[in-house]
Each structure stands twice: as structure tokens, then as C-alpha cells.
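As a plain string of letters, each chain reads:
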Amino acid sequence: MKVVVGDRNLLPHRELFESGLPSGATVSWHRTFDESAIVADLGDADVYVGGRFTAAMAAAAPKLRLLHVAGAGTDNVAFAALPTDTLVANTFHHEDSIAEYIVSAALMLRRGFLRHDRALRGDVWATSVYDDAIAQSRSMRGARVGFVGFGHIGWRSWNLLRAFGSEGCAVTGRGDLDAAAEGLAWAGDNTSLLRLLTESDVVVVSAPLNDHTRGMIGGAELDALGPDGILINVGRGPLVREQPLYDAPASQRIAAAAIDVWFSYPDAGGHGAPSVLPFRDLRNVLMTPHSSGVTGHTFVGRVGDITDNIRRLDTGQTVLRTVRPG
């Protein structure tokens with residue numbers, strides 16, 4: 001069995017990965033996503049592991065039995081180009097790490113720590129203790145947190161935030177979430193999105209990106225969040241429209257935003273602007289490079305899932321977490 005790995009996040013765990021494979025399996029590692037190099041390597045591959053799989057890669061992989069995404073999202077997989085008998089599976093384990101990010105960002109922005117840090121670097125003590133024009137900061141106790149999407153990430157984040165005494169509500173695509181069972185004030189489908197934004201102090205966006213959710217939050221929705229509201233996007237960049245997302249914090253129509261997912265991504269060396277708009281100039285925006293889930297904890301768990309599925313494939317057992325069964 002030949003396994004081709006095109007996700008560099010697994011490289012720190014190479015020994016663990018290879019030790020979990022069936023006897024006799026060989027692994028071809030690609031440090032960067034170079035499509036032409038990967039295409040040249042796929043001719044005799046049984047398994048490909050990586051988050052991006054193009055039509056050209058599918059055409060070059062006639063023997064491919066399993067495409068295993070090294071994460072949850074499959075929006076970069078050319079499903080239409082895959083043979084019907086190629087299994088596609090994903091994995092998670094990022095929810096704890098992303099939940100830590102969400103809680104950290106919510107606290108930092110709601111308490112004003114980002115602003116305090118920048119001011120104190122200029123020797124200004126920007127708190128209500130010294131400036132009557134500055135209001136006392138708001139805590140998370142009693143804050144209403146609205147979740148746009150309530151899967152692994154939303155559920156884990158809520159279980160941390162409720163410990164602070166926050167309240168919660170959620171909208172999901174299916175609209176079948178049991179609010180009472182989850183300790184939420186209410187839950188609905190995406191038709192309740194404006195209500196959620198109007199009622200929330202902090203909004204966490206972690207919905208999947210698809211034709212129904214792309215651009216679901218725009219100018220009207222951000223206006224509903226209001227001048228005291230905070231938006232945290234850890235889902236996908238295009239869930240929120242780019243220009244309104246820049247305009248709302250720039251004009252202080254929302255208080256702040258934490259953005260971990262973007263509209264443009266870098267070259268293989270990690271260089272490239274995340275947007276055509278100058279988010280870097282906004283002092284009330286926390287910018288992070290899609291790093292909220294990138295921890296050792298996340299990828300050790302994913303290695304376990306991926307190698308377990310490869311062993312299952314090798315022994316004829318059912319492959320778990322298939323998103324497009326063959």
C-alpha cells in the first residue's frame with residue numbers, strides 16, 4: 001500500500017503516523033503543496049492524505065481507494081472528478097483548540113485588552129481609572145453569545161463560555177438543535193440569523209461553507225450586531241462578506257472582530273495578504289493566520305484517526321467518518 005501525504009501539518013508527527021500504518025505500507029511525504037509534484041506521485045497511490053485535492057490530482061490517481069482530509073473541511077476537494085468508488089473521509093480533534101481561541105478572543109476583545117496593550121506601549125493607561133471618557137469594560141458574565149453553526153466547535157466553545165456565566169443562542173442549517181438540552185436560551189434555523197445578531201453581544205461563526213452559507217453575514221447583519229458587538233470568525237472567510245467585514249469595525253459599527261479565516265491565502269512560504277482590504281490598519285481587529293486549531297493536540301488526534309482508517313481500508317473494515325461513501 002502506498003500513502004501520499006500532502007499536508008505539512010502532519011510532518012511533526014511523522015514517526016507516530018508511520019508507526020500506525022499497516023505492515024509494508026510506504027509513505028511519500030510532500031513538505032509543501034506542489035500540485036505538479038503530487039500529481040507525478042499519485043499514479044500508484046492507494047491513499048492520499050491532505051486538505052486539497054484537485055481534478056488534475058484525481059485524473060492522475062487511477063488506483064486511489066481513499067482520500068483522507070487531514071481536517072474537517074472538504075470544500076477544497078474536487079468531488080466531481082473522483083471515481084465513485086474512491087472513499088473520502090475527514091477527521092476533527094480541532095474543537096478543543098479552537099474553543100480556546102474563541103474564549104481567548106472573546107475575553108480579549110470584550111474586556112478591551114487589545115486596546116489596553118496598544119495604548120500602554122505608548123505610555124497611556126487607557127482605563128476608566130484615569131480617563132472619564134472610557135467606560136468600564138464588560139465581562140463575559142451575563143453576555144449573550146450567539147453561535148452561527150453549532151457543531152463540534154460551537155458545542156465545545158459553549159461548554160467553556162457557559163462556565164463564565166454567559167448566555168447562549170444558536171442558529172444551524174437544519175434548525176433541529178434542542179436548545180434546552182444544550183443549555184441555550186433558544187435555537188433556530190438560519191432564518192433566525194438577524195434575531196441572533198440583534199440579541200448577541202458576541203457572535204461566533206463556525207458554520208460550514210456551502211452554497212447556502214456563503215456570504216450569509218453582510219452589512220445588514222453586522223449592523224444588527226451593533227456598536228458594542230464582537231464578531232469571531234473561525235469557520236471560513238467567505239461566510240462573511242469581505243467589504244462589510246472591513247467597513248463595520250473601521251466605522252465602529254461593531255466594537256471589534258477576531259478573524260482567523262480569510263479571503264486569500266499565502267504562497268507555500270507563508271507570504272501573502274489575507275485580503276485586498278487593509279485589515280492590518282484596524283486597531284479593533286484581532287488578525288490570526290488560520291491558526292486557531294493548529295496545536296499538537298489537534299494533529300496527534302488526527303494522526304490517530306487517519307492511520308486507523310488506513311488500517312481499516314487495508315483489512316476490509318468499514319472506513320469511519322466518510323463524507324462521500326464509495
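Below: a short report on this structure.

Rules behind the numbers
- Residues numbered from 1 in each chain as written.
- Predicted model: local features only at pLDDT ≥ 70, side-chain atom pairs only at ≥ 80, totals over all residues.
- Heavy atoms only, no water.
- Phe/Tyr/Trp six-rings, centres within 6.5 Å; stacked < 30°, edge-to-face > 60°.
- Buried < 20%, exposed > 50% of the residue type's maximum accessible area, 1.4 Å probe, protein only.
- Helix = DSSP H or I, 4+ residues; strand = E, 2+ residues; numbered from the N terminus.
- Pairing = 2+ DSSP bridges.
- Axes fitted to C-alpha atoms, helices over the stretch in contact; angles between N-to-C directions.
- Contact = heavy atoms within 4.5 Å.
- Core = buried A, V, L, I, M, F, W, Y, C linked by side-chain atoms within 4.5 Å.
- Salt bridge = Lys/Arg side-chain N within 4 Å of Asp/Glu carboxyl O.

## Some remarks on the packing of aromatic side chains
The description of an aromatic ring pair uses the distance of the two centres, along with the angle that the planes make with each other.
Right, on to step 1. Going through the model one piece at a time under the given rule, you end up with seven aromatic pairs.
Right, on to step 2. Measuring from centroid to centroid gives 6.0 Å for W125 and Y130, while their planes differ by 75°, and the two rings are edge-to-face. In this pair, the class of W125 matches that of Y130, namely exposed.
Right, on to step 3. For the pair F147 and W158, a centre-to-centre distance of 6.2 Å together with 70° between the ring planes defines the contact as edge-to-face. Remark: W158 occurs in helix α6 (residues 152-161) and F147 occurs in strand β6 (residues 144-148); sequence separation between them is 11 residues. With respect to class, F147 is no different from W158; both count as buried.
Right, on to step 4. Ring pairing ties together the aromatic residues F147, F150 and W158, which thus form one cluster.

## Observations concerning the sheet that holds strand β4 (residues 66-68)
Right, on to step 1. Across the sheet, six strands lie side by side as β2-β1-β3-β4-β5-β13; this open sheet has mixed pairing. Strands at the two margins of the open sheet, each flanked by one partner only, are β2 (26-29) and β13 (322-324). Going across the sheet, the axis of each strand differs from the next one's by a mean of 25°, ignoring polarity.
Right, on to step 2. Across two bridges, the pairing between strand β5 (residues 87-89) and β13 is antiparallel. Of the residues in β13, the one forming a bridge with A89 is T322.
Right, on to step 3. Here helix α11 (residues 296-315) sits on the sheet and contacts β1 (2-5), β3 (47-49), β4 and β5; the angle it forms with β4, its principal contact strand, is near 175°.

## Considering the sheet that holds strand β12 (residues 285-287)
Right, on to step 1. In space, the seven strands of this open sheet follow the order β8-β7-β6-β9-β10-β11-β12, with parallel pairing throughout. If you trace the sheet from one side to the other, it starts and ends with β8 (186-189) and β12, each paired once. Geometrically, the sheet is characterised by an average inter-axis angle of 15° between neighbouring strands, direction not taken into account.
Right, on to step 2. Examined bridge by bridge, strand β7 (residues 167-172) and β8 share four bridges and lie parallel to one another. Across the sheet, residue C169 finds its bridge partner in β8, namely W186.

## Here we look at the nonpolar core
Generally speaking, a soluble globular protein has its nonpolar side chains buried in company with each other.
Right, on to step 1. In this structure, V148, L196, V203, I217, L231 and F279 are the most contacted members of the largest nonpolar core, which totals 30 residues.
Right, on to step 2. Broken down by secondary-structure element, the contributors of at least two residues to this core are β7, α8 (193-199), β9 (202-205), α9 (219-225), α10 (242-250) and β11 (256-259).
Right, on to step 3. Excluding its chain neighbours within four sequence positions, the residues that come into contact with I217 are V148, L193, V205, L222, L231, L239, V240 and R241.
Right, on to step 4. L114, I230, I232 and L286 belong to the second-largest nonpolar core, a separate cluster that totals 27 residues.

## Digging into the environment of L161
Right, on to step 1. Tracing the backbone shows L161 in helix α6.
Right, on to step 2. Discounting chain neighbours no more than four positions away, the residues touching L161 are I102, V103, M140, V145, F147 and S166.

## Things to note about the pattern of salt bridges
Right, on to step 1. Evaluation of the coordinates by the stated rule reveals 15 salt bridges.
Right, on to step 2. Across the salt bridge formed by R156 and D96, the nearest N and O atoms sit 2.6 Å from each other. Residue R156 is found in helix α6, and its partner D96 is found in helix α4 (residues 95-111); the two are separated by 60 residues along the sequence.
Right, on to step 3. Classification of R156 as partly exposed rests on a relative accessible area of 26%.
Right, on to step 4. Close ionic contact of D117 with R121 constitutes a salt bridge, the shortest N to O distance being 2.8 Å.
Right, on to step 5. Since its relative accessible area comes to 36%, D117 is described here as partly exposed.

Interpretation in functional terms is not warranted from these geometric data alone.
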